[in-house]
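Letter by letter, the chains look like this.
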Amino acid sequence: MLEKYLPSSRDTWSWRPATLSDVNAIVDMAESQFQPEITAVFTPDRRMLARHLAQAIIAQTYNNLEQQIIVARDRDTDALVAWAWLGRGGHTMYAPEEFAEAHFAHIDLTLSTRNRVTIMAQILQQWRLWCLIGGIPVLVSTSIREDQAGFMNLHRAAGFMVRGSFAYLKVA
């Protein structure tokens with residue numbers, strides 16, 4: 001699917017599970033780059049996001065198949081370039097399959113388009129692998145962003161079925 005985007009030595013960033021020390025940088029990125037997308041509908045609360053992140057990171061620390069919160073940091077500067085949060089335990093009212101739901105995928109908007117596409121493809125690969133390892137049969141990713149065409153096209157390229165702003169992947 002997106003093998004050409006697998007992490008490699010050409011990447012200027014590296015991935016790892018998020019830790020509590022990442023919370024402020026994650027919230028800063030969410031506020032500075034993505035908050036304008038939601039303010040017409042929601043009232044952002046920095047402390048609320050930080051609390052939920054911290055709780056999920058702690059849960060992930062003790063059970064890495066409960067949540068997946070990952071960060072990509074620049075190899076030279078250690079600056080946050082992306083983060084993603086995937087949770088499990090979702091169910092529809094009409095089918096027995098559990099699904100993992102993407103909560104966030106934020107990528108530094110000052111990066112080149114090529115790097116942003118590569119990072120998002122890597123996120124999708126990591127989400128799929130996490131679902132395979134956890135035995136989660138369906139992966140769901142959505143977008144609230146106004147400009148989501150490229151995001152959804154990348155999902156299609158990764159084998160997702162796209163319906164509006166929702167993308168579904170039968171993992172197993």
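Located above this text is the structure these notes cover.
So, a few notes on the structure that sits alongside this text. All figures in this text were calculated on a predicted structure; none of them were measured in a lab.

**Focus on the overall build of the chain**
A tally of helices and strands in the chain yields four helices and seven strands. Taken from the N to the C terminus, the helices and strands of the chain come in the order β-α-α-β-β-β-α-β-α-β-β. Taking 16 Å as the expected radius of gyration for a compact globule of 172 residues, we find that the chain reaches 15 Å, a close match to that expectation. Over its C-alpha atoms, taken along the principal directions, the chain stretches across nearly 45 × 35 × 35 Å. Taking as baseline every contact in the chain between residues at least 6 positions apart, the subset at least 24 positions apart corresponds to 61%. Accessible surface, the chain as shown: approximately 9,600 Å² in total, 55% of it carbon and sulfur. Averaging the locations of the 16 positively and 17 negatively charged side chains of the chain gives two centres separated by 5 Å.

**Considerations on the packing of aromatic side chains**
On inspection of all chains with the given rule, the structure shows three aromatic pairs. Summarising the aromatic geometry, the rings of phenylalanine 166 and tyrosine 168 are spaced 6.2 Å apart at their centres and angled 15° between planes, so their arrangement reads as stacked. Classification of tyrosine 168 as partly exposed rests on a relative accessible area of 30%. An aromatic cluster of at least three residues, connected via ring pairs, comprises Trp83, Trp85 and Phe104.

So, how was this worked out
Residues numbered from 1 in each chain as written. Predicted model: local features only at pLDDT ≥ 70, side-chain atom pairs only at ≥ 80, totals over all residues. Heavy atoms only, no water. Helix = DSSP H or I, 4+ residues; strand = E, 2+ residues; numbered from the N terminus. Rg over C-alpha atoms; globule rule 2.2 N^0.38 Å. Contact = heavy atoms within 4.5 Å. Areas by Shrake-Rupley, 256 points an atom, 1.4 Å probe, with all protein chains shown as cover. Lys, Arg positive; Asp, Glu negative; His and termini not counted. Charge placed at Lys NZ, Arg CZ, Asp CG, Glu CD. Phe/Tyr/Trp six-rings, centres within 6.5 Å; stacked < 30°, edge-to-face > 60°. Buried < 20%, exposed > 50% of the residue type's maximum accessible area, 1.4 Å probe, protein only.

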